[in-house]
Amino acid sequence: AHVRHYYKNFQKGLNIMSDLITYSSTQELSPQALERLFLSIGWESGKYPEKLSLAMKNYKSVFTAWDGEKLVGLVSAMDDGVLTAYVHYLLVDPDYQKHGIGRKLMEMIKERYADYKKICLIAESDAIKFYETCGFVKVETAKPMYFLG
């Protein structure tokens, strides 16, 4: 399934974004495309492109944003099938940020899980305001925890 979203041309440095961003729900993503996107924002996961490609196939939902053949955004989620979905990744290439791509990807996730009781995520401190504008709320009595084995 593809959704097209039109934008005005803009220039940031020497990078030019096209008028057309295509959104897709595919879990078949090349390790190279994932590596480029994840490393563009400095995420450690980008150092493991083969594992990322396999991980995308295992998620219940993956929505992507493309500028032609270039992967410029991605959101992935897992769920229990009826009550709760967990957004694991939301990332947009820095050259494409602040143009509604992340918001559109979150809208697609919210639509996909509209019948669920809740959608959860862990937000980095600098992304909290963004997620609040997408309708998410902080739960003061809860804190994220990790086991880094």
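Up top is the structure.
Predicted model, so just to flag it, every value in this text is computed and none were measured.

Chemist: Looking at this model, I keep getting lost on the overall build of the chain. Mind explaining?
Modeler: Across its full length, the chain holds four helices and eight strands. Each helix and strand of the chain, placed in order from N terminus to C terminus, yields the pattern β-β-β-β-α-α-β-β-β-α-β-α. Intrachain contacts of the chain at a sequence separation of at least 6 include 57% that bridge at least 24 residues.

Chemist: Please clarify how the pattern of salt bridges should be interpreted in this entry.
Modeler: Two side chains that carry opposite charge are able to pair once their charged atoms sit near each other. Enumeration over the complete set of coordinates arrives at five salt bridges. With a closest N to O distance of 3.4 Å, D79 and K60 form a salt bridge. Here the residue D79 occupies a position in strand β6 (residues 70-79), and K60 occupies one in the loop between α2 (49-58) and β5 (61-67), the gap between them amounting to 19 residues. We classify D79 as buried; its relative accessible area is 16%. Taking relative accessible area as the criterion, K60 reaches 47% and is therefore assigned partly exposed. For R112, the salt bridge goes to D79, with nearest N and O atoms at 3.9 Å. Here R112, found in helix α3 (residues 101-112), pairs with D79, found in strand β6; they are 33 residues apart in sequence, far enough to count as distant. Put simply, K60, D79 and R112 are held in one network by salt bridges that share partners.

Chemist: Mind showing me how you'd approach α2 here?
Modeler: The complete set of buried residues in α2 reads P49, L52, S53 and M56. One face of α2 carries all of its buried residues, which in axial projection span an arc of 100°. Turned more than 90 degrees away from the buried face of α2, the exposed residues are E50, K51, L54 and N58. In this structure, the buried residues of α2 make contact with α1 (31-40), β5, β6 and β7 (84-92).

Chemist: Could you clarify how one ought to interpret the layout of surface pockets in this entry?
Modeler: It is the rolling of a water-molecule-sized probe over the atoms that shows where space remains empty. Within this model, the largest pocket holds a volume of roughly 900 Å³. Of the residues forming the lining of the largest pocket, the biggest block, seven residues, is contributed by β7. Class assignment for the residues of the lining of the largest pocket results in 17 nonpolar, six polar and four charged. What the second largest pocket holds in volume is close to 680 Å³. Taken together, 20 residues form the lining of the second largest pocket, with L121, I122, V137, K138 and V139 sitting closest to its centre. Elements with a minimum of two residues in the lining of the second largest pocket: β8 (118-121) and α4 (128-133). If you tally residues by element for the lining of the second largest pocket, the top one is β8, at four residues. In terms of residue class, the lining of the second largest pocket is built from 13 nonpolar, two polar and five charged.

Chemist: Mind showing me how you'd approach the nonpolar core here?
Modeler: Across soluble globular proteins, you tend to see nonpolar side chains buried next to one another. Judged by nonpolar contacts, the single largest core of 24 residues is most densely connected at V75, I101, L105, M106 and I109. Mapped onto this core, the elements with two or more residues apiece are β4 (20-24), β5, β6, β7 and α3. With five residues, α3 is the single largest residue contributor to this core. Here L105 is in contact with Y23, F63, T64, A65, G73, L74, V75 and L90, once residues within four sequence places are set aside. Counting 14 residues, the second largest nonpolar core, distinct from the first, contains A33, M56, Y59 and W66.

The rules we used
Residues numbered from 1 in each chain as written. Predicted model: local features only at pLDDT ≥ 70, side-chain atom pairs only at ≥ 80, totals over all residues. Heavy atoms only, no water. Helix = DSSP H or I, 4+ residues; strand = E, 2+ residues; numbered from the N terminus. Contact = heavy atoms within 4.5 Å. Salt bridge = Lys/Arg side-chain N within 4 Å of Asp/Glu carboxyl O. Buried < 20%, exposed > 50% of the residue type's maximum accessible area, 1.4 Å probe, protein only. Arc of directions from axis to C-beta. 1 Å grid on protein atoms, 1.4 Å probe; cavity = no way out; pocket = protein on both sides within 12 Å on 5 of 7 lines; lining within 4 Å. Points joined across faces, edges and corners; volume = space filled by probe spheres on them. Nonpolar A, V, L, I, M, F, W, Y, C, P; charged D, E, K, R; others polar. Core = buried A, V, L, I, M, F, W, Y, C linked by side-chain atoms within 4.5 Å.

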